[in-house]
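# Fold and contact review
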Amino acid sequence: MSRVYNFSAGPSMLAEWVLKKAASQMLEYRDSGQSVMEMSHRSSEFKAIITECEQRLRRVMGIPDHYKVLFLQGGASLQFSMIPMNLLIKGHADVIHTGQWSKKAIAELNKIGRADILASSEDATFSYIPDVDALPYHADADYVYICENNTIYGTKYKKLPQTGNVPLVADLSSCILSEPIDVSQYGLIFAGAQKNMGPAGLTVVIIRDDLIGHASANTPSMLNYQTIADQDSMFNTPPTYAIYICNLVLQWIEDIIGGLAEMKKRNDQKAALLYDFLDHSDMFSNPVKPKDRSLMNVTFVTGNEALDAKFISEAKAQGLINVKGHRSVGGMRASIYNAMPMAGVERLVAFMKQFELDN
Ligand SMILES: *Cc1c(COP(=O)(O)O)cnc(C)c1O
């Protein structure tokens with residue numbers, strides 16, 4: 001067996017500790033005589049798993065008691081619709097447009113209410129984050145919406161919009177659990193699990209209590225946060241195995257890594273190694289404004305498409321897979337989520353150095 005270093009933007013690597021633990025429990029979870037995949041979601045064994053998962057997430061992220069944690073399906077993309085369905089009261093929200101994921105969120109918001117786009121970085125191919133202090137926020141907006149880490153372009157907000165009484169809603173799909181955050185700064189946080197939390201099929205929503213219960217009466221039950229919150233994410237069958245793996249990922253962060261401060265330290269070191277190399281390379285460069293660089297998704301180009309393609313295919317032959325950039329921007333992208341070990345980034349940088357010498 002030889003495992004590759006997978007730089008995919010998602011689904012992405014899981015820590016080997018998590019995979020081994022899951023493998024050891026595949027045929028029989030504890031003394032239940034069955035795998036977690038086969039269990040009733042109403043069983044006491046599974047209830048213990050989902051409860052443990054929520055409690056760990058609350059501990060690891062420091063989620064205050066007046067926030068609910070919801071385990072959902074439909075991906076981060078369904079939240080582009082559920083958020084306006086549940087949070088719009090006056091009918092409009094402020095949005096900062098920083099890439100394809102905010103574009104999709106805007107399109108869905110506009111089907112239900114109105115998105116007021118306060119700023120956009122489209123003028124420079126989303127290579128920076130607009131200055132959040134200089135924007136004309138509407139005091140009567142139902143919420144302010146951001147995509148905090150832009151997976152495709154490799155940008156990240158280092159400072160959150162200060163929205164006063166207007167709740168901040170943020171897509172953290174590609175940066176959740178990468179560093180400590182102050183949850184109380186947000187009204188709602190959501191993330192598809194397949195980048196930093198576990199396998200695809202699970203979406204996590206962290207929502208302040210007072211934002212639940214405003215959906216109109218004709219909202220389908222499955223799309224109403226109230227239904228899901230009232231039933232402790234068990235209105236229907238939740239994605240049981242994905243929740244089980246998410247719990248293992250959280251256990252890995254908490255017990256093996258030692259929490260989010262230590263996680264961030266490691267993520268800083270990995271990203272610094274790569275950005276530092278890019279800043280000194282004559283062949284490769286990173287197109288993002290330095291202060292807005294993502295810790296999780298590092299984009300780079302050679303400036304020559306044929307050379308990019310050669311790099312991607314030779315990297316793959318070295319076991320460094322999925323370094324191709326998103327089809328909308330081209331070039332390369334190394335997604336270095338929590339589970340990517342330092343050794344993987346070292347291997348990538350060593351290969352880039354060699355490639356630069358050879359070409
Ligand atoms: C991956 C991603 C999404 C889409 O997630 P799905 O679960 O596939 O719907 C949305 N937003 C961001 C920031 C992402 O990285």
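Scroll up a little and you will see the structure.
Source: prediction; values computed, not measured. (Residues numbered from 1 in each chain as written. Predicted model: local features only at pLDDT ≥ 70, side-chain atom pairs only at ≥ 80, totals over all residues. Heavy atoms only, no water.)

## Remarks on the overall build of the protein
When helices and strands are counted, the protein shows nine helices and 13 strands. The globule rule puts the C-alpha radius of gyration for 359 residues at 21 Å, and the 21 Å found for the protein is close to it. Across its three principal directions, the C-alpha atoms of the protein cover 65 × 60 × 30 Å. Relative to its full complement of 359 residues, the protein shows a buried share of 57%. In the protein, once contacts between residues fewer than 6 apart in sequence are set aside, the share between residues at least 24 apart is 68%. Carbon together with sulfur atoms contributes 50% to the accessible area of the protein, which is approximately 15300 Å² in total. Here the protein carries 34 positive and 39 negative side-chain charges, and the mean point of each set is 3 Å from the other. (Helix = DSSP H or I, 4+ residues; strand = E, 2+ residues; numbered from the N terminus. Rg over C-alpha atoms; globule rule 2.2 N^0.38 Å. Buried < 20%, exposed > 50% of the residue type's maximum accessible area, 1.4 Å probe, protein only. Contact = heavy atoms within 4.5 Å. Areas by Shrake-Rupley, 256 points an atom, 1.4 Å probe, with all protein chains shown as cover. Lys, Arg positive; Asp, Glu negative; His and termini not counted. Charge placed at Lys NZ, Arg CZ, Asp CG, Glu CD.)

## Brief notes about the packing of aromatic side chains
For the structure shown, the criterion picks out 14 aromatic pairs. With centroids separated by 5.1 Å and ring planes inclined at 45°, the aromatic side chains of Tyr-241 and Tyr-244 adopt a geometry described as tilted. Linking Tyr-241 with Tyr-244, this pair stays in helix H6 (residues 240-257), spanning three residues, or about one helical turn. Across the pair, Tyr-244 and Tyr-241 agree in class, each one buried. Aromatic pair Phe-284 and Phe-355: ring centres 6.2 Å apart, planes at 40°, arrangement tilted. (Phe/Tyr/Trp six-rings, centres within 6.5 Å; stacked < 30°, edge-to-face > 60°.)

## Structural notes on the nonpolar core
In this structure, Leu-57, Leu-177, Phe-284 and Phe-311 are the most contacted members of the largest nonpolar core, which totals 93 residues. For this core, the element with the highest residue contribution is H6, accounting for 12 residues. Discounting residues that sit within four places of it in the chain, Phe-284 has contacts with Phe-277, Leu-278, Phe-300, Val-301, Thr-302, Phe-311, Met-332, Met-352, Phe-355 and Glu-356. Met-82, Ile-106, Val-169 and Ile-212 belong to the second largest nonpolar core, which has 27 residues in total. (Core = buried A, V, L, I, M, F, W, Y, C linked by side-chain atoms within 4.5 Å.)

## As for the site of the ligand
Residues in close proximity to the ligand total 13 residues, the closest being Ser-77, Thr-151, Asp-171, Gln-194 and Lys-195. Within the side chain of Ser-77, one N or O atom sits 2.6 Å away from an oxygen atom of the ligand. One nitrogen or oxygen atom from the side chain of Thr-151 is found 2.5 Å from an oxygen atom belonging to the ligand. Here the ligand, which alone exposes 390 Å², has 87% of that area covered by the protein. Counting residues per element, the shell around the ligand draws most heavily on helix H3 (residues 75-87), which supplies four residues. A breakdown of the residues in the shell around the ligand according to their chemical character gives four nonpolar, seven polar and two charged. (Near = heavy atom within 4 Å. Polar contact = N/O pair within 3.5 Å; in protein donor to acceptor, adjacent residues only side chain to side chain. Nonpolar A, V, L, I, M, F, W, Y, C, P; charged D, E, K, R; others polar.)

## A short note on the pattern of salt bridges
For the structure shown, the criterion picks out 20 salt bridges. For the salt bridge of Glu-16 with Lys-20, the shortest nitrogen-to-oxygen distance reads 3.4 Å. Here Lys-20 and Glu-16 lie together in helix H1 (residues 16-24), a separation of four residues that amounts to about one turn. By relative accessible area, Glu-16 is classed as partly exposed at 43%. What you see here is one network of salt bridges that share partners, running through Glu-148, Lys-156, Glu-179, Lys-264 and Asp-268. (Salt bridge = Lys/Arg side-chain N within 4 Å of Asp/Glu carboxyl O.)

## A look at a nonpolar patch on the surface
On the surface, Met-26, Leu-27 and Met-37 cluster together to form a nonpolar patch covering roughly 330 Å² of accessible area. Relative to the helices and strands, Met-26 resides in the loop between H1 and helix H2 (44-61). (Patch = residues over 30% accessible without salt bridge, like charges linked within 9 Å, V, L, I, M, F, W, Y side chains within 5 Å.)

## Structural notes on the side chain of Gln-194
Summarising the element assignment, Gln-194 is placed in the loop between strand E9 (188-192) and strand E10 (203-208). Accessibility expressed as a relative area gives 19% for Gln-194, which makes it buried. Filtering out sequence-adjacent residues up to four positions away, Gln-194 remains in contact with Gly-10, Pro-11, Ser-12, Pro-199 and Ala-200.

## Thoughts on the packing of helix H8 (residues 305-317) against helix H9 (residues 342-358)
Running from N to C, H8 and H9 point in directions that differ by 135°, and their axes come no closer than 11 Å. Regarding the angle of H8 to H9, the classification is oblique. At the point where H8 passes H9, the crossing takes the right-handed sense. Every residue of H9 that contacts H8 at Leu-307, Lys-310, Phe-311, Glu-314 and Ala-315 is listed here: Leu-348, Phe-351, Met-352 and Phe-355. Within the contact of H8 with H9, the residues separate by chemical class into seven nonpolar, no polar and two charged. (Axes fitted to C-alpha atoms, helices over the stretch in contact; angles between N-to-C directions. Parallel < 35°, antiparallel > 145°, perpendicular 65-115°, else oblique. Left-handed = near helix turned anticlockwise from the far one by under 90°.)

## A closer look at H9
The end-to-end C-alpha distance of H9, which contains 17 residues, comes to 24 Å, matching closely the 24 Å that a straight helix rising 1.5 Å per residue would cover. The set of residues buried in H9 consists of Gly-344, Val-345, Leu-348, Val-349, Phe-351, Met-352, Phe-355 and Glu-356. Down the axis of H9, the buried side of the element spans an arc of 160°, and every buried residue falls inside it. Across H9 from its buried face, at more than 90 degrees, point the exposed residues Leu-357 and Asp-358. For H9, the elements touching its buried residues are strand E1 (5-6), helix H7 (260-280), strand E11 (297-300), H8, strand E12 (320-321) and strand E13 (332-335). (Expected span 1.5 Å × (residues − 1). Arc of directions from axis to C-beta.)

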